[in-house]
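Single-letter residue listing:
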Amino acid sequence: MNAIVTYNVPHMVEPWGMLIVVHFFLSGLAGGSFITSAAASFFNEERYKKTAIVASYLAFLAILIDVPILIADLDRPERFFTLLFRGSMTAPLTWGTWFLIGLGLFSVLNIMLKMGNPAVKGSKGIILGLGSVFALGVCTYTAVALNIATDVRPIWSNGILIPIFIAASGITAIATTSLIISLGGEGKEELSCLGSTNAGLLILQLIMVISLILTTLTGTPMSRQAATIITSGDMAMLFWGGLIVVGLLIPIFLLWSSSMAKKEGRISPGIAALASVLVLIGVFALRYIIVSGGQMLPLT
Amino acid sequence: MKKNDEYYTGGKKGAGKNVRWGMVIDLRRCIGCHSCSIHCKTENEVPVGVYRAWVKYVDKGTYPDVRRNFLPRLCNHCEHPMCYRVCPTKATYKRDDGAVLIDNDKCIGCRSCITACPYDARFINPVTKTADKCTFCVHRVDKGLIPSCVQGCIGRARIFGDLNDPNSEISRYLAKNPAKQLNPATGNEPSVFYIGLDESVEEERGGVTSVAGTQREARKEAI
Ligand code: SF4
Ligand code: SF4
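In this text, all values refer to a predicted model and were calculated from it rather than measured experimentally. (Residues numbered from 1 in each chain as written. Chains lettered and ligands numbered in written order. Predicted model: local features only at pLDDT ≥ 70, side-chain atom pairs only at ≥ 80, totals over all residues. Heavy atoms only, no water.)

> Give a detailed account of the sheet that holds strand β9 (residues 179-180) of chain B, specifying residues and quantitative values.
If you trace the four strands from one edge of the open sheet to the other, you get β8-β1-β10-β9 (chain B), paired in mixed fashion. This sheet does not close on itself; its edge strands, each paired only once, are β8 (158-162) and β9 of chain B. (Pairing = 2+ DSSP bridges. Helix = DSSP H or I, 4+ residues; strand = E, 2+ residues; numbered from the N terminus.)

Here it is in structure tokens:
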């Protein structure tokens, strides 16, 4: 039967806005960079020296900008410090606070490690291992914060959001690292390794994003409504153009074809830089589509 | 105040262990007059532009067979409230009598609770800059008075009382009439019950002329 809402009351249509999108993006960059740096040092410190060093600084810088942004998003920012001692253990934001603090500390230790500081030299394994746990926490908590919303926000409550956010963090970190290395014009070997890793992650991400859309599209009528906002509604341009084509398909093609074309599998710095920029645009679009598009279906 | 005064809760003090406050809204009696919204606004000094209690209108049918349905809304004071679980500062808390409240001095305005509440009961109060919502008028209830919206309801569609007491008016009313909670699938277990609830009225969201829709348009323009 024909039903139409003729009067309803304005509540916050989108409680989480652009600052949260930026916070999610930077958290992904910070967590992903630490793990990238740790993996590079762990596998072959000599061979992937540039990656290990660049990513270690990136992690720290990202946290440095990220935390003030999270605080600025509060409506009572002057009370932010109460998060440290009031902490309710059931709240994702509490875990997030501790993960961010932990990652901040470990990224400083990681930089000291890369500078060859004798004070931390003996504890490389502990710093990289424990730091990676905090880094993974930072990459994941943002998805859990959305996941915890009940199924009235079908995009947010989808469980696949957690691997999507983890992959997005890795993709952001690798793309930023290779962008910085490629600007230096050297390190082709590292660039091609970063490029093919990212190509793999991007393919995985494409599959997961399609799964997210398909599972919500085939769900309840409410869930379908939420998915169509992304596929053919307000978010469609950004989704198809920004995320799928610019952020996933073109970089996958660029990274894949250039590593196939040249026998030794070397990617030119120009291609690596271009692919990185496209990937970063795509990840930002993804974060925006999930955070903002996920709230667009009115609750009442 | 006499014991059988209809504005009196029966002398049960709030926060008592054995009391569980709840509300029934009999939609057969609601005429969509917004008295509840106005009573709530004046009692609780709710700022302009935000509402702790409001009435949703949903028109159903095709001319000449059309009906306007009313759905009075407020915080459901859920038994297992998601808003409480996600609050990082414990500003949102639950009293023993079931009322879910916000401590204005603790709230940092992170809006986690607003995203987690499936019933859209919460908002940021533009004056205090903290999360805000219906309090079940505990300041009145603790003194033995019924909530302001219940007192102001001209159709007497609202009944407030102790769900744990089988002899309270609300328990007797619930025993006699089949009642529903809003979207029980969320698992939050609301303490607000509706009689005569048409699910399609509840499920119908937004709508072209809804204020929420207009607000979204305005936001898009601002960007
Ligand atoms: S209706 Fe929303 S705000 Fe009220 S108790 Fe339930 S979850 Fe919390
Ligand atoms: S906005 Fe306030 S009440 Fe809501 S979750 Fe954050 S601190 Fe708690």
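Here the narrative resumes, following the displayed structure.
> Can you explain the interface of chain A and chain B? Please cite residues and give values.
With 46 residues of chain A at the contact, the number on the chain B side is 60 residues. Our count for the contact surface shared by chain A and chain B stands at two salt bridges. Between Arg111 of chain B and Asp73 of chain A there is a salt bridge, with the nearest N and O atoms lying 2.9 Å from each other. At the boundary of chain A with chain B, the tally comes to 19 residue pairs in polar contact (both at pLDDT 80 or more). Looking at the side of chain A that touches chain B, the elements with two or more residues in it are β1 (3-7), α3 (83-86), α4 (92-114) and α10 (269-293) of chain A. If you tally residues by element for the side of chain A that touches chain B, the top one is β1 of chain A, at five residues. Residue classes in the side of chain A that touches chain B are distributed as 26 nonpolar, twelve polar and eight charged. Where β1 of chain A lies against strand β2 (residues 54-62) of chain B, four bridges are found, and the strand directions are antiparallel. Bridge pairing in β2 of chain B places Val5 of chain A opposite Val58 of chain B. (Contact = heavy atoms within 4.5 Å. Salt bridge = Lys/Arg side-chain N within 4 Å of Asp/Glu carboxyl O. Polar contact = N/O pair within 3.5 Å; in protein donor to acceptor, adjacent residues only side chain to side chain. Nonpolar A, V, L, I, M, F, W, Y, C, P; charged D, E, K, R; others polar.)

> I'd like a rundown of the pairing of β2 of chain B, residues and numbers included.
Residues and elements named next belong to chain B. Of all nine residues in β2, eight are buried, a share of seventy percent or more. As defined by bridge partners, β2 adjoins strand β3 (residues 65-73) across nine bridges and the pair is classed as antiparallel. Pairing of Val58 across the sheet is with Asn69, part of β3. Counting the residues between successive antiparallel strands, the hairpin from β2 to β3 contains two residues. (Buried < 20%, exposed > 50% of the residue type's maximum accessible area, 1.4 Å probe, protein only.)

> Account for the packing of helix α7 (residues 188-217) of chain A against helix α8 (residues 221-231) of chain A, with residues named and values stated.
All names here are of chain A. Running from N to C, α7 and α8 cross one another at 140 degrees; their axes reach a closest spacing of 7 Å. Between α7 and α8, the crossing angle belongs to the class labelled oblique. Across the interface between the two elements, Ile213, Thr215, Thr216 and Leu217 from α7 touch Ser223, Arg224, Ala227, Thr228, Ile230 and Thr231 from α8. For the contact of α7 with α8, the residue count by class is four nonpolar, five polar and one charged. (Axes fitted to C-alpha atoms, helices over the stretch in contact; angles between N-to-C directions. Parallel < 35°, antiparallel > 145°, perpendicular 65-115°, else oblique.)

> Could you give an account of the site of ligand 2, with specific residues and numbers?
If you check the shell around ligand 2, you find 13 residues, and the closest are Cys87, Thr92, Cys107, Cys110 and Cys113 of chain B. Partitioned by chemical class, the residues of the shell around ligand 2 number seven nonpolar, four polar and two charged. (Near = heavy atom within 4 Å.)

> Pulling in residues and values, what's your account of the packing of helix α6 (residues 161-183) of chain A against α7 of chain A?
Residues and elements named next belong to chain A. Contact geometry of α6 with α7 gives a least axis separation of 9 Å together with a crossing angle of 150 degrees. Regarding the angle of α6 to α7, the classification is roughly antiparallel. Between α6 and α7 the crossing geometry is left-handed. Counted by class, the contact of α6 with α7 contains 16 nonpolar, seven polar and one charged residues. (Left-handed = near helix turned anticlockwise from the far one by under 90°.)

> Residue-level account of the pairing of strand β10 (residues 192-195) of chain B, with values.
Residues and elements named next belong to chain B. On β10, burial covers both faces: Val192 and Tyr194 on one face and Phe193 and Ile195 on the other are all buried. Pairing of strand β1 (residues 21-26) with β10, which is carried by four bridges, proceeds in the parallel orientation. Each bridged residue has a counterpart across the sheet, and for Met23 the counterpart in β10 is Val192. Pairing analysis gives two bridges linking β9 to β10, with the strands arranged antiparallel. The partner of Lys180 across the bridge, within β10, is Tyr194.

Read these as geometric descriptors, not functional statements.
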